[in-house]
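For reference, the chains in residue letters:
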Amino acid sequence: MSRVPKPSLMSRIRATLSSVVDGYYDISDPKEAFRRRNARMSAEFMTRRHQVRMQSIEFKDDDRGGGSGYESAERGRLDATWLYGNRHPDSALEEGLDEMRAKANSAYKNHELFAGHVIRRVQRVAGTGIMIAPQIKPVPGRITDDQATEWNTVLRDVCERWSHKAGGPQLPLYMIQRMVVRHVEKDGTAFVQFGDVEHNDPRIPITLRLKVIHPQRVDTPDEFAMDPNVRKGIRTNSDGEVLGYYVRVAHPEDVKDFRMNYEYVPAFFDNGLPRMVQVCELDEADQRIGYPHGQVGLRRFKNIDEYGVAEMERNIVASCVAGFAVGSASDPADMAAANTVGYDGAGRAIEDIAPLRFDYVPNADDIKFSNPTGPTGTYAAFVEHEARLAACGLGTSLEMMSGDWRDLSYQAGKLIWIDGQGPIDSSQLDLIELLLIPLWQNFVNRCATSGVIDVSMSSFRREPHIYERVKFVPPKRPSIDPARERSAAHADIAAGIIVHGDEVEQMNGRPKEDVYTDIAANNKQLEPLGIDIRTLGAKGGTPLGGTNETAAAGGKGRNKREQVGAA
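Residues numbered from 1 in each chain as written. Predicted model: local features only at pLDDT ≥ 70, side-chain atom pairs only at ≥ 80, totals over all residues. Heavy atoms only, no water.

Novice: Explain the overall build of the protein chain residue by residue, including any values.
Specialist: Looking only at helices and strands, one finds 17 helices and twelve strands in the protein chain. Across the 567 residues that make up the protein chain, the buried fraction comes to 34%. Pairs at least 24 apart in sequence give 64% of the contacts found in the protein chain among residues at least 6 apart. As presented, the protein chain carries roughly 34,500 Å² of accessible surface, and 55% of it is formed by carbon and sulfur atoms. (Helix = DSSP H or I, 4+ residues; strand = E, 2+ residues; numbered from the N terminus. Buried < 20%, exposed > 50% of the residue type's maximum accessible area, 1.4 Å probe, protein only. Contact = heavy atoms within 4.5 Å. Areas by Shrake-Rupley, 256 points an atom, 1.4 Å probe, with all protein chains shown as cover.)

Laid out in structure tokens, this is it:
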């Protein structure tokens with residue numbers, strides 16, 4: 001292993017001059033002197049860390065790891081790159097996260113498959129928005145049934161009005177949820193800040209305002225580059241608990257706003273409520289930063305692009321029919337045609353090929369045509385292979401990523417759909433736990449303190465969880481085969497396996513209380529007209545609890561009646 005080289009003469013001279021300048025700033029501007037020293041120490045730290053890392057992987061091709069008998073414990077030429085993943089997770093991400101985010105965002109903008117994955121994941125996780133339903137329960141001696149019902153109604157009404165402008169006039173709550181999921185998929189993490197805004201809009205009686213912070217704006221200022229408690233702009237204590245975030249006031253790639261200063265945003269308000277939250281999936285212990293899981297398959301997307309360009313060029317060349325005409329070396333005209341060629345600035349002959357072009361070749365006695373060949377039968381197979389590997393790294397399937405379900409049986413499609421539901425459920429829970437619960441805590445607090453709900457402040461401060469009880473209802477889950485699934489759901493409800501209200505919420509994407517209220521109001525409206533909702537299914541379409549066969553029969557019967565009526 002080589003040693004760290006001794007500093008050169010110029011390095012020592014620069015260090016001496018820097019000390020003199022630092023001494024001047026120590027007297028004239030101590031704050032600037034502190035910043036200069038920290039910046040220089042950070043640069044030295046990064047250089048030395050890189051040198052140590054490079055030294056750690058300098059070994060011969062035939063080096064072994066102790067002869068334990070396990071290939072995974074050996075070291076050789078093919079194993080060198082496997083050793084990069086053994087460092088502290090945040091240390092590795094601090095060096096590679098910017099590159100991963102840049103590639104992931106580029107793939108989202110330029111590659112259809114990755115863009116399709118992100119779009120479909122956003123649609124299934126957030127969709128039209130996870131709905132919020134207050135669930136304050138009566139407490140004997142403190143909260144009556146009427147109070148709980150009234151407060152739930154008021155909170156629900158105010159929340160619906162507020163959600164239309166949760167992030168401003170053009171940014172409703174459902175769009176914020178979609179934006180957060182999109183950032184998690186592309187950047188590995190999303191940041192949302194809770195604040196207040198002054199307004200005089202009677203439609204929105206509370207001042208709460210949400211602000212989505214671009215992940216690239218959360219970063220470590222230069223003066224804290226050596227601070228072990230600050231990683232990618234996230235400050236923690238010695239126990240790993242997040243204390244706050246360093247947010248750059250302008251996006252680092254903004255071409256019109258070049259401000260480089262940072263604002264420190266504490267993680268909590270003075271009253272203990274969340275002030276800024278981070279939504280991400282933490283994969284390892286001691287990890288504080290999320291990373292885009294799509295980075296595993298980005299190389300596959302690049303392979304598909306490069307192979308596609310090569311295949312297109314091959315086909316373009318193959319479409320050019322060029323002929324080489326017979327000529328005699330003694331014919332001056334043929335010799336002139338054969339030697340007519342262009343040259344570039346370096347004196348090299350310019351070679352080109354074009355459709356219907358004939359080149360005169362001296363001493364030739366036949367006509368030859370170009371016919372470029374290529375592996376035409378391997379392109380589709382290669383693209384599918386790379387795309388499936390990329391989808392595997394994303395935790396999904398090629399069918400889910402592309403939306404192409406051709407040549408799949410019902411059973412295969414059902415298995416793929418079920419397999420893809422797990423990541424959706426997990427992502428929805430991340431959104432609920434890390435964003436919507438802190439949001440609801442801030443929302444209820446402002447409703448209580450501003451008098452929107454008439455509650456005892458002493459009781460609220462003592463036991464806020466009683467008033468923060470809430471239920472979150474994800475967007476409705478589409479059915480693959482409604483007739484079969486409804487029949488199975490009815491059987492499960494009758495057997496006591498699932499709750500009817502849960503099935504109602506899953507299929508409607510709305511709180512069951514709203515659905516039941518709407519059904520009751522609808523029945524009350526239809527009753528004077530002599531219409532029974534229970535008999536409507538028998539008049540065509542799929543009968544309640546019917547199968548595909550009965551649905552098909554109903555459809556045929558309906559078509560037959562329509563034809564008779566038309567006749």
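On we go.
Novice: Go over the sheet that holds strand β6 (residues 242-248) with me, naming the residues and quoting the values.
Specialist: Strands pair in a sheet through their backbones, by hydrogen bonds, and they do so in one of two ways: parallel or antiparallel. The four strands are arranged β4-β5-β6-β7 in an open sheet whose pairing can be described as antiparallel. If you trace the sheet from one side to the other, it starts and ends with β4 (230-231) and β7 (262-266), each paired once. Both strand β5 (residues 234-236) and β6 contribute to a ladder of three bridges, which runs antiparallel. Each residue of the ladder has a partner; that of I234, found in β6, is Y245. (Pairing = 2+ DSSP bridges.)

Novice: Describe in detail the nonpolar core, supporting the description with residues and values.
Specialist: Counting 62 residues, the largest nonpolar core has W162, L210, L435, L439 and F443 as the members making the most contacts within it. Looking at which element gives the most residues to this core, the answer is helix α11 (residues 410-449), with eleven residues. Counting 14 residues, the second largest nonpolar core, distinct from the first, contains I213, V218, M276 and Y291. (Core = buried A, V, L, I, M, F, W, Y, C linked by side-chain atoms within 4.5 Å.)

Novice: Explain the side chain of E505 residue by residue, including any values.
Specialist: With respect to the secondary-structure elements, E505 resides in helix α15 (residues 500-508). For E505, the residues in contact, after removing those within four places along its chain, are K471, V473, R510, P511, K512 and E513.

Novice: Help me get a handle on the packing of aromatic side chains, residues and values and all.
Specialist: According to the stated counting rule, one finds ten aromatic pairs in the structure shown. Arranged with centres 5.8 Å apart and planes meeting at 50°, the rings of W151 and Y467 form a pair that is tilted. Here W151, found in helix α5 (residues 145-163), pairs with Y467, found in helix α13 (residues 464-467); they are 316 residues apart in sequence, far enough to count as distant. Y467 carries the same exposure label as W151, and that label is buried. An aromatic cluster of three or more residues is present, and its members are W151, F460 and Y467. Here R124 stacks its cationic end above the ring of W417, 4.0 Å away from the centre of that ring. Over the ring of F224 we find R235; its NZ or CZ atom is 5.1 Å from the centre of that ring. (Phe/Tyr/Trp six-rings, centres within 6.5 Å; stacked < 30°, edge-to-face > 60°. Lys NZ or Arg CZ within 6 Å of the ring centre and 35° of its normal.)

Novice: Hey, could you go over the pattern of salt bridges for me, with residue numbers and the actual values?
Specialist: Tallied over the full model, the rule gives 26 salt bridges. Across the pair R446 and D196 runs a salt bridge, and its minimum N-O distance is 2.7 Å. With R446 in helix α11 and D196 in strand β2 (residues 189-196), this residue pair connects regions lying 250 residues apart in the sequence. Of the charged contacts in the structure, one is a salt bridge between D425 and R477, with a shortest N-O distance of 3.4 Å. Within this pair, whereas D425 is found in helix α11, its partner R477 is found in the loop between β12 (470-473) and α14 (482-494), the two being separated by 52 residues in sequence. One salt-bridge network, in which partners are shared between bridges, spans D98, D219 and K232. (Salt bridge = Lys/Arg side-chain N within 4 Å of Asp/Glu carboxyl O.)

Novice: I'd like to hear about α14, residue by residue, with values.
Specialist: Across its 13 residues, α14 extends 18 Å between first and last C-alpha, which sits within 8% of the 18 Å expected from 1.5 Å per residue. In the stretch just after α14, G496 is the one whose phi turns positive, near 80°. (Expected span 1.5 Å × (residues − 1).)

Novice: Help me get a handle on the sheet that holds β2, residues and values and all.
Specialist: Taken in spatial order, the three strands make up an open sheet running β3-β2-β8, and their pairing is antiparallel. Looking at strand neighbours, the two that pair on one side only are β3 (208-213) and β8 (276-280), the edges of this open sheet. Ignoring which end each strand starts from, the neighbouring axes of this sheet average 25° apart. Examined bridge by bridge, β2 and β8 share five bridges and lie antiparallel to one another. Bridge pairing links V192 to V277 in β8. Seen against the sheet, helix α6 (residues 173-187) touches β2, β3 and β8 and runs at an angle of roughly 145° to β2. (Axes fitted to C-alpha atoms, helices over the stretch in contact; angles between N-to-C directions.)

Novice: Please provide a residue-by-residue account of the packing of helix α3 (residues 89-110) against helix α4 (residues 112-125), values included.
Specialist: Each packed pair of helices is defined by two parameters, the angle between the axes and the distance between the axes. One way to put it is that α3 packs onto α4 with a least axis distance of 6 Å and a crossing angle of 95°. With respect to α4, the element α3 is oriented roughly perpendicular. Contacts from A104, A107, Y108 and N110 in α3 reach E112, F114, A115, V118 and I119 in α4. When grouped by side-chain class, the residues that make up the contact of α3 with α4 number seven nonpolar, one polar and one charged. (Parallel < 35°, antiparallel > 145°, perpendicular 65-115°, else oblique. Nonpolar A, V, L, I, M, F, W, Y, C, P; charged D, E, K, R; others polar.)

Novice: Could you give me a rundown of the side chain of K186, with the residues and numbers involved?
Specialist: Examined against the element boundaries, K186 turns out to sit in helix α6. Polar side-chain contacts of K186 include one of 2.7 Å to the side chain of N105. Residues within four places of K186 in sequence aside, it is in contact with R101, A104, N105, Y108, V118 and P292. (Polar contact = N/O pair within 3.5 Å; in protein donor to acceptor, adjacent residues only side chain to side chain.)

Novice: So, the environment of G422: which residues are in play, and what are the values?
Specialist: You can see G422 is positioned in helix α11. Judged by relative accessible area, which is 36%, G422 ranks as partly exposed. Note: C-alpha distance between G422 and T396 (26 residues apart in sequence) is 9.8 Å.

Novice: Any details on the packing of α4 against α6? Residues and values, ideally.
Specialist: At a minimum axis separation of 9 Å, α4 and α6 run at an interaxial angle of 140°. Judged by the inter-axis angle, α4 sits oblique to α6. Viewed along their axes, α4 and α6 form a crossing whose handedness is right-handed. Across the interface between the two elements, F114, H117, V118, R121, V122, Q123 and V125 of α4 pack against R178, V181, R182, E185 and K186 of α6. Split by residue class, the contact of α4 with α6 holds five nonpolar, two polar and five charged. (Left-handed = near helix turned anticlockwise from the far one by under 90°.)

Novice: Just give me the short version of the pairing of β8, but keep the residues and values in it.
Specialist: In terms of burial, β8 is largely enclosed, as five of its five residues are buried. Both faces of β8 are covered, namely the face carrying M276, Q278 and C280 and the face carrying V277 and V279.

Novice: Describe the state of the cysteines, naming the residues involved and giving the relevant values.
Specialist: Counted according to the given criterion, the structure contains zero disulfides. Between C159, a cysteine without a disulfide, and C447, which holds the nearest cysteine sulfur, the sulfur-to-sulfur distance is 8.2 Å. You can call C159 buried: its relative accessible area is 6%. (Disulfide = S-S within 2.5 Å.)

Novice: Mind laying out empty space enclosed by the protein, listing which residues take part and the relevant values?
Specialist: This model, assessed by the stated rule, comprises one cavity of 30 Å³ or more. Taken as a whole, the largest cavity spans an internal volume of roughly 40 Å³. Taken together, L97, R101, T189, F191, P215, V218, K232, Q278 and I289 make up the full set of residues lining the largest cavity. Its residues assigned to classes, the lining of the largest cavity comprises five nonpolar, two polar and two charged. (1 Å grid on protein atoms, 1.4 Å probe; cavity = no way out; pocket = protein on both sides within 12 Å on 5 of 7 lines; lining within 4 Å. Points joined across faces, edges and corners; volume = space filled by probe spheres on them.)

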